[in-house]
Amino acid sequence: DAGVIQSPRHEVTEMGQEVTLRCKPISGHDYLFWYRQTMMRGLELLIYFNNNVPIDDSGMPEDRFSAKMPNASFSTLKIQPSEPRDSAVYFCASRLAGGGNEQFFGPGTRLTVL
Amino acid sequence: GESVGLHLPTLSVQEGDNSIINCAYSNSASDYFIWYKQESGKGPQFIIDIRSNMDKRQGQRVTVLLNKTVKHLSLQIAATQPGDSAVYFCAENSDSKLTFGKGITLSVRP
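What comes next is a walk through the structure.

Some remarks on unusual backbone geometry
At the junction of Ser7(A) and Pro8(A), the peptide bond is cis and its omega measures out at -10° in the coordinates. Omega for the bond connecting Gln80(A) with Pro81(A) falls within 30 degrees of zero, at -10°, which places this linkage in the cis form. The residue Pro81(A) is located in the loop between β8 (74–79) and β9 (88–95) in this model. Look at Ala79(B): it is not a glycine, yet its phi comes out positive at around 45°.

What follows is the structure, encoded as structure tokens:
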């Protein structure tokens, strides 16, 4: 398996623009997580899905952030409009229910908002 | 609020020595704890986990110790190698959600 796939790997955009981050979890995994990593705040959970259903979005910073999982093999995290303080590395991770406690992380998307 | 934290921001060790990375947690309801390793430019990678009803678990060259009395978690790496240089995070799980500590950098001197 190729592991968790994220795209793009790097994104540079201007303030006010819409940004869409994409994730393909490991095939067969039924949990999907979106994290944000910054130097100041470390690694924070934004939202997670179980069987494509959002379970907990309490970590989503504000209404500018939204996440969807239309099917078991694809999820998006959208920021609209983006702001400079959204600059961070965004990780997607997936886990198999009953398969242990390990979350498998993707390589991340480094977002820079100018 | 509940949080997971680390005692030291950086740790420098000599190649071949043993490393000990410490972590304090505050959520007594967490059901298991995990150590992750993150290399530059990559996502966190699972190292080892331990359930809250255990006090020790061993893996390949790594041992995790859990002291629930003082809410302390440690990761021991035997015979540290240059490839162990990375940022290490402890994390605690509650209701399928992981809360990560800030991370500690392990630097291995040749």
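Details of the pairing of β8(A)
Residues and elements named next belong to chain A. Relative to β8, strand β3 (residues 19–24) runs antiparallel, the two sharing five bridges. What sits directly across from Leu21, in β8, is Leu77. The pairing of strand β7 (residues 65–71) with β8 spans five bridges and is classified as antiparallel. Each bridged residue has a counterpart across the sheet, and for Lys68 the counterpart in β8 is Thr76.

Focus: the layout of surface pockets
Considered as a void within the structure, the largest pocket measures approximately 650 Å³ in volume. Around the largest pocket, the lining is made up of 29 residues, and of these Gln37(A), Met39(A), Val89(A), Arg110(A) and Gln38(B) lie nearest the centre. Contributions of two or more residues to the lining of the largest pocket are made by β4 (31–38), β9 and β11 (109–113) of chain A together with β9 (86–94) and β11 (104–109) of chain B. Split by residue class, the lining of the largest pocket holds twelve nonpolar, twelve polar and five charged. The volume enclosed by the second largest pocket comes to roughly 340 Å³. If you go around the second largest pocket, you meet 18 residues; those closest to its centre are Leu43(A), Glu44(A), Leu45(A), Leu98(B) and Thr99(B). At the level of secondary structure, the elements contributing two or more residues to the lining of the second largest pocket comprise β5 (42–50) of chain A together with β10 (97–100) of chain B. Among the elements that line the lining of the second largest pocket, the one with the most residues is β5(A), at six residues. Taken together, the residues of the lining of the second largest pocket break down into seven nonpolar, five polar and six charged.

Cut-offs and rules
- Residues numbered from 1 in each chain as written.
- Chains lettered and ligands numbered in written order.
- Predicted model: local features only at pLDDT ≥ 70, side-chain atom pairs only at ≥ 80, totals over all residues.
- Heavy atoms only, no water.
- Helix = DSSP H or I, 4+ residues; strand = E, 2+ residues; numbered from the N terminus.
- Pairing = 2+ DSSP bridges.
- 1 Å grid on protein atoms, 1.4 Å probe; cavity = no way out; pocket = protein on both sides within 12 Å on 5 of 7 lines; lining within 4 Å.
- Points joined across faces, edges and corners; volume = space filled by probe spheres on them.
- Nonpolar A, V, L, I, M, F, W, Y, C, P; charged D, E, K, R; others polar.

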